[in-house]
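The lines below spell out each chain.
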Amino acid sequence: MTAFTWDRLEEYQPVVAKMLLNSLKQGLTAHAYILEGAKGTKRVDTAILFAKTLLCKNLDDNFNPCGVCHNCTRIDHLSHPNVFYVSATGEQIRKKQIKELLTEFSRASVEEGPRIYIIDEAEKLNQESSNTLLKTMEEPGAEIYQVLLTTQPTALMKTIISRAQILHFKPIDRKKIKQDLLLIGVSPRLASAISESTFNTDMAIKMSQDDKTEQLVDLAFTIFQSFFKRDSSPILLFKDAKDLVLESGDAADFFLGVMIFIMKDVLNQKFRHRDLIVFDSETGMTEKIGEKIPQKIIEEQIGLMLELKAKLKYNNINSNLAFDKMLACLERGIVNGLSCSTGSI
Ligand SMILES: [Zn+2]
């Protein structure tokens, strides 16, 4: 992976990148920031980039840190004495952690220059820690920057919010997530499935590195392909691989999600809504299915799968049986072009 720079941040969070970079260039940075947004929206990378920009000795013309100087490399390894990263242990960020942070800072070992506290999951700061933190925010003169990361800004103390500048991190564009996955060598099919399943960039990378993700995607496609083969049965295919699907709620949900994307692609392919197609590398198969079944039945199948997805999430149902029924229904629709008159799964 190439170093995280302002140019790269701009690809993910253009508004945040512009705001922060402009304040840095103009020397008008705030001393406390709240980076608010969902996980995997590049908040941690931004906090680290901010710290590097303040400490790097070889910034380029666009204020990008060099990534190789002593300061940059130590920040990357979270071993720079002026940069502190605290994350919640368990439910709360304890006062002890904040105290430790302050003690560290008061030590003589701290190098000259700005000091940056990065506090992840700041919504877990308890009352005491918040108060300890507030005291440092009020400490005049020192070149101290506080960067608080949170998914729930309303859970922060009002007094903290009022002293900080809030930066809102938007969900990352799916196309961007897919592009990133393709860049690291993930297959188009897998990249499409993952980028439709999560907005979280870190999660997307993690999923792409887990063999099971690819196995689940492959299984969904093998099942759809089996509808065209005389000698293979989707229900038997599922039976052989059901442990993989039923291993966890997440796996079942992801697998079903892929099945739904494929079926939606059939519909979008049929109506030439090319921009809505998820698996653009698989249009041969989806087109073939679309030629066989009428729109009404495709929509019915999608409806049934969505219903099952919701049930798997919120109800305690026999998922094995429910998947078998769904596949039987799908077979009836795709192979025979018949409606699944049995009703709900
Ligand atoms: Zn540097």
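Just so it is clear, the structure is predicted and the values come from calculations on it, not from any experiment. (Residues numbered from 1 in each chain as written. Predicted model: local features only at pLDDT ≥ 70, side-chain atom pairs only at ≥ 80, totals over all residues.)

J.: How do you make sense of the sheet that holds strand E1 (residues 32–37) when you look at a structure like this?
T.: Within a sheet, each strand pairs with its neighbour through backbone hydrogen bonds, oriented either parallel or antiparallel. The strand order across the open sheet built from 5 strands is E2-E3-E4-E1-E5, with neighbouring strands paired in parallel fashion. Across the chains shown, the open sheet's two edge strands, defined by having one partner strand only, are strand E2 (83–86) and strand E5 (165–169). Ignoring which end each strand starts from, the neighbouring axes of this sheet average 15° apart. Both E1 and strand E4 (residues 144–150) contribute to a ladder of 5 bridges, which runs parallel. Across the sheet, leucine 35 pairs through a bridge with leucine 149, a residue of E4. This element, helix H3 (residues 43–55), spans E1, E2, strand E3 (115–119), E4 and E5 of the sheet and lies at about 170° to E4. (Pairing = 2+ DSSP bridges. Helix = DSSP H or I, 4+ residues; strand = E, 2+ residues; numbered from the N terminus. Axes fitted to C-alpha atoms, helices over the stretch in contact; angles between N-to-C directions. Contact = placed C-beta atoms within 7 Å.)

J.: I tried to follow the environment of isoleucine 184 on my own but got confused; where do I start?
T.: Here isoleucine 184 lies in the loop between helix H8 (174–183) and helix H9 (188–197). Isoleucine 184 sits 135 residues away from serine 319 along the chain, and the two C-alpha atoms are 34 Å apart.

J.: Mind showing me how you'd approach the pairing of E1 here?
T.: Within E1, 6 of the 6 residues are buried, which leaves the element mostly enclosed by the surrounding structure. Here E1 shows two buried faces, one formed by Ala32, Ile34 and Glu36 and the other by Tyr33, Leu35 and Gly37. Relative to E5, E1 is paired through 5 bridges, and the arrangement is parallel. Looking across to E5, one finds that glutamate 36 is bridged to histidine 168. (Buried ≥ 20, exposed ≤ 12 C-beta atoms within 10 Å, placed from the backbone.)

J.: How should the domain arrangement of the protein be read in this particular structure?
T.: What the domain assignment lists for the protein is domain 1 (6–169) and domain 2 (210–336). Relative to domain 2, the C-alpha centre of domain 1 lies at a distance of 44 Å. (Domains from an automatic or database assignment.)

J.: I keep staring at helix H15 (residues 295–314) and nothing clicks. Help me out?
T.: For an α-helix the count is 3.6 residues per turn, leaving residues at separations of three or four pointing the same way. The first and last C-alpha atoms of H15 sit 29 Å apart over 20 residues, in line with the 28 Å expected at 1.5 Å per residue. Of the positions making up H15, those classed as buried are Ile298, Gln301, Leu304, Met305 and Leu308. Buried positions in H15, seen along its axis, are confined to an arc of 125° and lie on one side of it. Exposed residues on H15 whose side chains face more than 90 degrees from its buried face are Gln295, Lys296, Ala310, Lys313 and Tyr314. Buried positions along H15 lie against helix H13 (249–270) and helix H16 (319–336). (Expected span 1.5 Å × (residues − 1). Arc of directions from axis to C-beta.)

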